[in-house]
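Below, each chain spelled out in residue letters.
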Amino acid sequence: MKRRNSKRHEVPLTALRAGEAGTVTSIRGGHGRGWGFGKRLMDMGLTPGTRVTVVKSAPFHGPLEILVRGSRLALGRGMAERIFVEIEK
Amino acid sequence: MNKKKQKKLLIALAGNANVGKSVIFNHLTGLHQHIGNWPGKTVERAEGTLHFRGYTIDIVDLPGIYSLSTYSLEELISRKYIAVERPDIVINVVDASVLERNLFFTLQLMELETPMVIALNQMDMAKRKGIQIDIEKLEKLLGIPVMPTVAIKGVGIAKLLEKAIETIEKGPVKKRAQARYGEEVEEKIGKLIEIIKNVQFFYPPRYVAIKLLEGDEEIEREIRRIDPQIVSTAKKLADEIENIHGHACSTVITSERYEVAGCIARAAQKLVSPIKPTLGERLHNLTTHKIMGYAILAFSLLLIFYSIFTFGDYTSGLLSDLFYGLEPLFASAFGTGIVGNLIWGGIIEGIIAGVTIALPYIIPFYVILYFLEDSGYLSRIAFLMDKVMHKMGLHGKAFIPVMLGFGCNVPACLGCRIMETQRERLLAAFVTTLVPCAACTVIILGLVGEFLGIQWALVLYVVDLLIIFALGRLAFKVVPGESTALIMEMHDYRWPHLKTVLKQTWFRVAEFIKIAFPLIIVGSLVLKLAEVFGLLEPIATVLSPITVTWLGLPAIIGITLIFGVLRKELTLVMLATLLGTTNFAEVPGFGPVQMVVFTLVAMFYIPCIATIAALVKEFGWKKALFITVFEIAFAIVLGGVALRLLTLVT
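Residues numbered from 1 in each chain as written. Chains lettered and ligands numbered in written order. Predicted model: local features only at pLDDT ≥ 70, side-chain atom pairs only at ≥ 80, totals over all residues. Heavy atoms only, no water.

All right, on to the overall build of chain A then. When you go through chain A residue by residue, the secondary structure sums to two helices and six strands. N-terminal to C-terminal, the α/β element order of chain A is β-β-α-β-β-β-α-β. Among the 89 residues that make up chain A, the fraction classed as buried is 55%. Across chain A, every contact between residues at least 6 apart in sequence was considered, and the portion connecting residues at least 24 apart equals 62%. (Helix = DSSP H or I, 4+ residues; strand = E, 2+ residues; numbered from the N terminus. Buried < 20%, exposed > 50% of the residue type's maximum accessible area, 1.4 Å probe, protein only. Contact = heavy atoms within 4.5 Å.)

This next bit is on the packing of aromatic side chains. All names here are of chain B. Across all of its chains, the model carries 19 aromatic pairs over all chains by this definition. Summarising the aromatic geometry, the rings of Phe 201 and Phe 202 are spaced 4.9 Å apart at their centres and angled 40° between planes, so their arrangement reads as tilted. Taking the relative accessible area as the measure of exposure, Phe 202 reaches 27% and is therefore partly exposed. Summarising the aromatic geometry, the rings of Tyr 324 and Trp 344 are spaced 6.1 Å apart at their centres and angled 70° between planes, so their arrangement reads as edge-to-face. (Phe/Tyr/Trp six-rings, centres within 6.5 Å; stacked < 30°, edge-to-face > 60°.)

The next thing to look at is the pairing of strand β6 (residues 83-87) of chain A. Where strand β1 (residues 10-12) of chain A and β6(A) come together, three bridges link them in antiparallel fashion. When the sheet's bridge partners are listed, A:Val11 is paired in β6(A) with A:Val85. (Pairing = 2+ DSSP bridges.)

So, about the nonpolar core. Residues and elements named next belong to chain B. With 122 residues, the main nonpolar core has Phe 590, Phe 598 and Phe 604 as its most contacted residues. In terms of residue count, helix α26 (residues 592-604) provides more of this core than any other element does, ten residues in total. Residues within four places of Phe 604 in sequence aside, it is in contact with Leu 434, Asp 464, Ile 467, Ile 468, Lys 568, Glu 631, Phe 634, Ala 635 and Leu 638. Ranked by size, the runner-up nonpolar core spans 67 residues in total, among them Ala 12, Leu 103, Ala 126 and Ile 223. (Core = buried A, V, L, I, M, F, W, Y, C linked by side-chain atoms within 4.5 Å.)

Before going further, it helps to examine the interface of chain A and chain B. Every contact between the two is made by 37 residues of chain A and, on the other side, 50 residues of chain B. At the boundary of chain A with chain B, total buried surface from both sides reaches about 3900 Å², with 58% on carbon and sulfur atoms. Across the chain A-chain B interface, the total number found is three salt bridges. Measuring nitrogen to oxygen at the nearest pair gives 2.5 Å for the salt bridge that ties B:Glu100 to A:Arg69. Secondary structure elements with two or more residues in the side of chain A that touches chain B: α1 (37-43), β4 (64-68) and β5 (71-75) of chain A. Sort the elements by how many residues they give to the side of chain A that touches chain B and α1(A) lands first, with six residues. Pairing analysis gives three bridges linking β5(A) to strand β10 (residues 487-489) of chain B, with the strands arranged antiparallel. Within the sheet, the bridge partner assigned to A:Leu75 lies in β10(B) and is B:Ile487. (Buried area = accessible area lost by both parts, 1.4 Å probe. Salt bridge = Lys/Arg side-chain N within 4 Å of Asp/Glu carboxyl O.)

Right, let's get into helix α23 (residues 536-550) of chain B. Residues and elements named next belong to chain B. Between its first and last C-alpha atoms α23 spans 20 Å; for 15 residues at 1.5 Å apiece the expected length is 21 Å, and the two agree. The largest bend along α23 reaches roughly 65° and is located at Leu 543, with the proline Pro 545 sitting one to four residues downstream. Leu 536, Ala 540, Ser 544 and Thr 547 are the residues of α23 that are buried. In this structure, the buried residues of α23 make contact with α22 (498-532) and α24 (557-564). Just beyond α23, the residue with positive phi is Gly 552, at close to 65°. (Expected span 1.5 Å × (residues − 1). Bend = angle between axes of the 7 residues up to and from the residue.)

Residues and elements named next belong to chain B. Relative to strand β3 (residues 44-52), strand β2 (residues 33-37) runs antiparallel, the two being bridged by five bridges. The residue bridging Gln 33 from the neighbouring strand is Gly 48, located in β3. Across seven bridges, the pairing between β3 and strand β4 (residues 55-61) is antiparallel. Pairing of Leu 50 across the sheet is with Ile 57, part of β4.

Our next topic: the pattern of salt bridges. Residue and element names in this part refer to chain B. Counted according to the given criterion, the structure contains 40 salt bridges over all chains. Lys 80 is the salt-bridge partner of Glu 218, the closest N and O atoms lying 3.2 Å from each other. Placement of the pair is Glu 218 in helix α9 (residues 217-226) and Lys 80 in helix α2 (residues 73-85), with a sequence separation of 138 residues. A relative accessible area of 4% means that Glu 218 is categorised as buried. In this structure, the salt-bridge partner of Lys 528 is Glu 531, at a minimum N-O distance of 3.8 Å. On the criterion of helical spacing, the pair formed by Lys 528 and Glu 531 is a turn pair, its members being three residues apart in helix α22.

Residue and element names in this part refer to chain B. Among the surface-exposed residues, Ile 338, Val 339, Leu 529, Val 532, Phe 533, Leu 535 and Ile 539 lie close enough to one another that they form a single nonpolar patch of about 590 Å² accessible area. For the nonpolar patch, the elements supplying multiple residues, two or more each, are α15 (338-375) and α22. Within the secondary structure, Ile 539 is located in helix α23. The class for Ile 539 is partly exposed, based on a relative accessible area of 32%. (Patch = residues over 30% accessible without salt bridge, like charges linked within 9 Å, V, L, I, M, F, W, Y side chains within 5 Å. Areas by Shrake-Rupley, 256 points an atom, 1.4 Å probe, with all protein chains shown as cover.)

Here the focus is the environment of B:Thr582. All names here are of chain B. Mapped onto the elements of the fold, Thr 582 is located in the loop between α25 (570-579) and α26. Counting along the chain gives 82 residues from Thr 582 to Thr 500, while the straight-line C-alpha distance between them is 44 Å. Setting aside residues no more than four positions away along its own chain, Thr 582 makes contact with Phe 451 and Ala 576.

Now for the sheet that holds β6(A). Taken together, seven strands build an open sheet; the order of strands is β1(A)-β6(A)-β2(A)-β3(A)-β4(A)-β5(A)-β10(B) and the sheet is antiparallel. For this open sheet the edge positions go to β1 of chain A together with β10 of chain B, each flanked by a neighbour on one side alone. Recorded for the sheet is a direction-independent mean angle of 40° between the axes of neighbouring strands. The sheet contacts of helix α16 (residues 377-390) of chain B involve β4 and β5 of chain A together with β10 of chain B, and relative to β10(B) the element is tilted by about 150°. (Axes fitted to C-alpha atoms, helices over the stretch in contact; angles between N-to-C directions.)

It is worth spelling out the side chain of B:Asp374 at this point. Residue and element names in this part refer to chain B. Locating Asp 374 in the fold gives a position in helix α15. Within the buried set, Asp 374 has no salt-bridge partner at all; the shortest N-O distance to an opposite charge, 5.7 Å, is to Arg 494. Setting aside residues no more than four positions away along its own chain, Asp 374 makes contact with His 491, Arg 494, Pro 496, His 497, Thr 500, Val 501 and Gln 504. (Lys, Arg positive; Asp, Glu negative; His and termini not counted.)

Here it is, written out as structure tokens:
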């Protein structure tokens with residue numbers, strides 16, 4: 001995980017199209033020392049280095065449906081915007 | 001039975017949400033169970049007892065959670081329970097079809113150093129998804145006995161219990177596998193354990209060390225009271241880890257814990273057949289589809305409401321007839337004097353009112369609700385409705401209590417517990433008290449729908465929804481705090497366990513009876529007394545500046561509104577009684593405009609007495625009173641404005 005400074009193309013999870021996958025690099029805008037919702041996201045398996053697939057998003061900029069660690073999660077858009085991923089080629 | 005000879009055991013069930021924990025709980029305890037709240041908390045606590053091999057076993061079903069940190073009240077309660085009450089064994093229910101994420105929780109339970117066995121549940125679902133699990137290997141890797149189960153069919157439950165007892169009888173395990181973190185982290189944990197090990201605390205030292213590094217608020221607070229130095233040392237060590245890894249220490253620890261869980265899962269499971277879309281998968285795609293999903297949702301909701309109202313109306317009428325058929329019998333026994341009148345009109349009619357709401361409407365509502373929840377459809381509804389609810393500062397899950405509110409506001413208020421924070425529970429509850437319940441629907445359809453036409457009733461519904469939306473948005477802006485976003489698992493569709501659904505319904509109905517009945521009965525007794533002593537007319541006169549001058553309604557409306565506090569549809573019933581006619585169109589001074597104003601006021605003017613009771617139970621007197629007063633004031637303003645606008649137009 002010692003790769004913070006490398007120049008990679010990081011985008012928020014919301015930038016992924018349906019069916020695309022990426023690897024989590026960071027969760028931004030957490031409170032304090034990463035508690036609160038950032039912590040919750042990680043407890044649900046969205047830790048840095050994890051592969052995430054965006055299945056689809058609900059209409060009118062609704063929540064995302066993602067696959068992570070073999071389970072299916074619904075993620076509010078506000079939350080998904082704070083998750084940064086590196087898109088898989 | 002000689003109770004002294006029986007040995008007592010305490011077993012706790014723990015695991016993620018929706019892994020079949022409550023089904024296992026039901027299998028184990030049968031009818032000997034009790035559902036209440038954790039002392040002083042609005043978190044549900046299910047307990048039961050069973051007798052097995054000469055033991056009396058108490059079983060506690062802990063809330064379904066994903067982690068043992070401080071994210072929610074449920075998590076705090078669970079870990080404290082395990083650490084303080086020290087159950088003889090914890091049965092960790094694990095979903096075999098999502099092994100990795102479930103093991104993440106298992107690893108945390110292991111850190112609490114509690115004796116445990118694993119119920120590897122939903123083996124059938126795992127098999128369908130092409131996942132094969134090597135039980136022995138899993139046991140070896142974790143150092144914990146594992147029992148495969150299919151709870152819904154009752155498979156493996158008896159063996160699970162046997163294994164749990166066996167494990168208890170064997171005594172404490174000496175060597176148990178632990179989640180080993182990376183070298184740097186383990187080194188810091190080691191250092192902290194050295195400082196902590198002499199501190200008397202109910203959590204084990206290694207757990208405290210890990211949680212301090214993660215920055216756990218509760219444990220920091222407790223340890224700071226004992227020795228603030230420890231907390232600052234932990235903070236320094238955590239910063240060191242952050243510097244090495246470039247991520248917050250809690251992130252590092254969570255990642256590494258997941259890595260361990262992943263390693264174990266990968267080693268123990270084998271993906272066999274290529275996964276072809278199962279029926280559940282296809283159903284999922286259909287029910288979350290951007291067009292079909294909403295169509296199915298709308299259709300399901302219409303179907304649900306239509307069937308509940310049809311069933312409710314019929315059964316309610318049947319029950320009323322039955323009860324009122326007893327009235328002559330009662331009158332001959334108690335007479336029609338003041339005492340007989342008070343008992344019948346006050347107490348018995350109160351009970352009738354309660355029964356004719358509770359049985360016909362609330363029971364089917366709950367059965368359907370739990371059926372949808374257990375099957376997994378509710379989470380799809382939350383997914384579809386997230387965007388709409390977001391406008392009110394709530395997320396998709398809040399749609400569920402709102403939906404309930406259309407049936408009855410009382411269960412809706414209680415249903416707001418599914419929201420994560422107290423703020424959101426309050427906001428959601430406020431919105432649900434505005435939702436027109438079955439009783440309001442009676443008014444809308446019975447007055448506006450009947451005399452002005454169904455299209456006007458629909459217009460009123462739309463106006464109503466717009467007002468709810470606006471007020472919800474307002475409340476969200478006014479109430480301080482941050483709103484949270486949806487983070488929700490959508491587990492695979494499955495067939496619900498009917499017995500569990502029925503049991504949950506039964507406990508909910510019992511709760512409703514406990515909350516609502518006393519107040520409905522007292523309320524109707526008070527009203528009857530007021531009537532007997534001739535206080536109703538004076539009250540109507542006192543209210544006339546509002547009802548007559550401001551709202552432009554006949555003075556007797558004041559009386560009907562008082563009765564409506566008991567049950568909203570009584571406003572209409574009383575109106576008919578007082579006027580001596582059900583043909584409201586003939587009443588002078590009660591034209592179409594007045595009908596609309598009256599209906600608007602009746603919809604909003606107060607949560608009914610049972611709803612107020614539910615609000616008090618969930619949020620305390622102050623907030624309940626505030627919501628009530630706000631709604632009274634709002635309805636008065638709304639009615640007056642509507643009157644003036646409508647007179648202008650017509």
